[in-house]
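Descriptive analysis of the structure
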Amino acid sequence: MKKPVPPKLKKFPAAKQRLLDQLLEKNSEGTITSSERLALERLVGEAEQLMVANAKRLAQFSQSETAGIPSAAVPVTVWARPEPAER
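Cut-offs and rules
- Residues numbered from 1 in each chain as written.
- Predicted model: local features only at pLDDT ≥ 70, side-chain atom pairs only at ≥ 80, totals over all residues.
- Heavy atoms only, no water.
- Helix = DSSP H or I, 4+ residues; strand = E, 2+ residues; numbered from the N terminus.
- Rg over C-alpha atoms; globule rule 2.2 N^0.38 Å.
- Buried < 20%, exposed > 50% of the residue type's maximum accessible area, 1.4 Å probe, protein only.
- Contact = heavy atoms within 4.5 Å.
- Areas by Shrake-Rupley, 256 points an atom, 1.4 Å probe, with all protein chains shown as cover.
- Lys, Arg positive; Asp, Glu negative; His and termini not counted.
- Charge placed at Lys NZ, Arg CZ, Asp CG, Glu CD.
- Salt bridge = Lys/Arg side-chain N within 4 Å of Asp/Glu carboxyl O.
- Patch = residues over 30% accessible without salt bridge, like charges linked within 9 Å, V, L, I, M, F, W, Y side chains within 5 Å.
- Polar contact = N/O pair within 3.5 Å; in protein donor to acceptor, adjacent residues only side chain to side chain.

Looking now at the overall build of the chain. In terms of regular secondary structure, the chain is built from two helices and zero strands. By the compact-globule yardstick of 12 Å for 87 residues, the chain is too spread out, its C-alpha radius of gyration being 23 Å. Principal axes of the C-alpha set define a box for the chain whose edges measure 70 × 35 × 25 Å. Within the chain, the fraction of its 87 residues that count as buried is 13%. In the chain, the share of contacts with a sequence separation of at least 24, taken over all contacts with a separation of at least 6, comes to 62%. Surface summary for the chain: the accessible area is close to 7900 Å², and the carbon and sulfur share equals 58%. In the chain, 14 side chains carry a positive charge and 10 a negative one; their mean positions are 8 Å apart.

Okay, structure coming up:
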């Protein structure tokens, strides 16, 4: 049986990430302008939407992985002592 492949997660575009980092730095330093603050809020909103969408993809994948497991099943760890190989 072929193991399912996890979903491909979407990434925040590199240019937007650089701008977000710059604006966060300016905000931390207290040198951000009002127009930059608006841009920062917009970028943070976009990043949050992306994270929520990725979380939903992972949750759906996780649920599909456990679909065949009985609801009362409990994960178990089994310890085994390896025996030396005979020569």
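Following the structure, the description resumes.
A separate point is the pattern of salt bridges. Per the stated rule, a full pass over the model turns up three salt bridges. The salt bridge partner of Glu46 is Lys16, with a shortest N-O separation of 2.5 Å. Taken together, the positions of Glu46 in helix 2 (residues 34–65) and Lys16 in helix 1 (residues 14–29) put the pair 30 residues apart, joining distant regions of the chain. The partly exposed category is assigned to Glu46, whose relative accessible area is 23%. Put simply, Glu46 and Arg42 hold a salt bridge, and the shortest N to O gap is 2.9 Å. Taken as a pair, Glu46 and Arg42 lie in helix 2 at a separation of four residues, close to a single helical turn. Put simply, Lys16, Arg42 and Glu46 are held in one network by salt bridges that share partners.

A surface patch of nonpolar side chains, amounting to about 340 Å² of accessible area, comprises Val74, Val76 and Val78. If you trace the backbone, Val74 turns up in the segment after helix 2. Classification of Val74 as exposed rests on a relative accessible area of 63%.

Right, let's get into the side chain of Asn54. Looking at where Asn54 falls in the secondary structure, it is placed in helix 2. Residue class for Asn54 comes out buried when judged on its relative accessible area of 11%. At 2.9 Å, the side chain of Asn54 and the side chain of Arg57 are in polar contact. Residues contacting Asn54, with those up to four places away along its chain left out, are Leu9 and Lys10.

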